Amino acid sequence: QMQLVESGGGWVQAGGSLRLSCTASERTFNAPAMGWFCQAPGKEREFVAAISGTGTNTYYSDSVKGRFTISRDNAKNTVYLQMNSLKAEDTAVYYCAANGNRYSTSNDHMDYSYWGQGTQVTVSS
């Protein structure tokens, strides 16, 4: 089974930066595609960014494009989300997730089979 653990969340002023990390419990023969999603209180879970299994392809939501960068280090079983120019509306719990299709950069949460516990990001105005 795949287990994912996020870290790096916290409190930051608007305009600041955070880097989230998500580490998988074990390496797989073919590293899965990975995604980041966020969920604010009372709102639906929203897509943030995705990266294919090799790290070759990435995809971002329009709201974070140009501000956030998704990357991975498969030797460390880790995917990252570099968050720059943070805004108050970025405040949410951020989740990483694994997609069994290693070629995918899907923005649909239904395509992701394994989820981390989430890490809180709070951006103050």
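Structure first, text after, so check above.
Residues numbered from 1 in each chain as written. Predicted model: local features only at pLDDT ≥ 70, side-chain atom pairs only at ≥ 80, totals over all residues. Heavy atoms only, no water.

A. Broad picture of the pairing of strand 9 (residues 92-99). Most of strand 9 is tucked away, with seven of its eight residues classed as buried. Here strand 4 (residues 33-39) pairs with strand 9 via seven bridges, running antiparallel. Pairing of Phe37 across the sheet is with Tyr95, part of strand 9. Examined bridge by bridge, strand 9 and strand 10 (residues 114-115) share two bridges and lie antiparallel to one another. Note that in strand 10 the partner of Ala97 across the bridge is Trp115. (Buried < 20%, exposed > 50% of the residue type's maximum accessible area, 1.4 Å probe, protein only. Helix = DSSP H or I, 4+ residues; strand = E, 2+ residues; numbered from the N terminus. Pairing = 2+ DSSP bridges.)

B. Representation of the sheet that holds strand 1 (residues 4-7). Taking strand neighbours across the sheet as the criterion, the four strands line up as 1-3-8-7 in an open arrangement whose pairing is antiparallel. Where the open sheet ends on each side, the last strands, each with one partner, are strand 1 and strand 7 (68-73). Going across the sheet, the axis of each strand differs from the next one's by a mean of 15 degrees, ignoring polarity. Of the strand pairs in this sheet, strand 3 (residues 18-24) and strand 8 (residues 78-83) are connected by six bridges, and their pairing is antiparallel. The partner of Arg19 across the bridge, within strand 8, is Gln82. (Axes fitted to C-alpha atoms, helices over the stretch in contact; angles between N-to-C directions.)

C. Layout of the packing of aromatic side chains. One pass over the full model with this rule turns up five aromatic pairs. Grouping aromatic residues by their ring pairs yields a cluster made of Phe37, Phe47, Tyr59, Tyr112 and Trp115. Directly above the aromatic system of Tyr95 lies the positively charged group of Arg45, at a separation of 4.0 Å from the ring centroid. (Phe/Tyr/Trp six-rings, centres within 6.5 Å; stacked < 30°, edge-to-face > 60°. Lys NZ or Arg CZ within 6 Å of the ring centre and 35° of its normal.)

D. Region of the structure containing unusual backbone geometry. The backbone of Asn77 sits at a positive phi, close to 55 degrees, despite the residue not being glycine. Tracing the sequence through the fold places Asn77 in the loop between strand 7 and strand 8. One non-glycine residue, Ser85, adopts positive backbone phi at about 50 degrees. Summarising the element assignment, Ser85 is placed in the loop between strand 8 and strand 9.

E. Structural view of the nonpolar core. With 28 residues, the main nonpolar core has Trp36, Val48, Leu81 and Tyr94 as its most contacted residues. When contributions to this core are tallied by element, the ones reaching two or more residues are strand 3, strand 4, strand 5 (46-51), strand 7, strand 8, strand 9 and strand 11 (119-124). Sequence-distant contacts of Leu81, defined by excluding residues within four places in its chain, comprise Leu18, Arg19, Leu20, Trp36, Val48, Ala49, Phe68, Thr69, Ile70 and Tyr94. Within the second largest apolar cluster, five residues are counted, among which are Phe37, Phe47, Ala97 and Tyr112. (Core = buried A, V, L, I, M, F, W, Y, C linked by side-chain atoms within 4.5 Å. Contact = heavy atoms within 4.5 Å.)

F. Representation of the pattern of salt bridges within the structure. Within this structure, the stated rule accounts for two salt bridges. Where Lys65 meets Asp62, a salt bridge forms, and the shortest distance between an N and an O atom there is 3.6 Å. Accessibility classification places Lys65 together with Asp62 in one group, the exposed group. Here Asp90 ties to Arg67 by a salt bridge, and the two come within 2.8 Å at their closest N and O atoms. Note that Asp90 is positioned in the loop between strand 8 and strand 9 and Arg67 in the loop between strand 6 (58-60) and strand 7, a separation of 23 residues in sequence. (Salt bridge = Lys/Arg side-chain N within 4 Å of Asp/Glu carboxyl O.)

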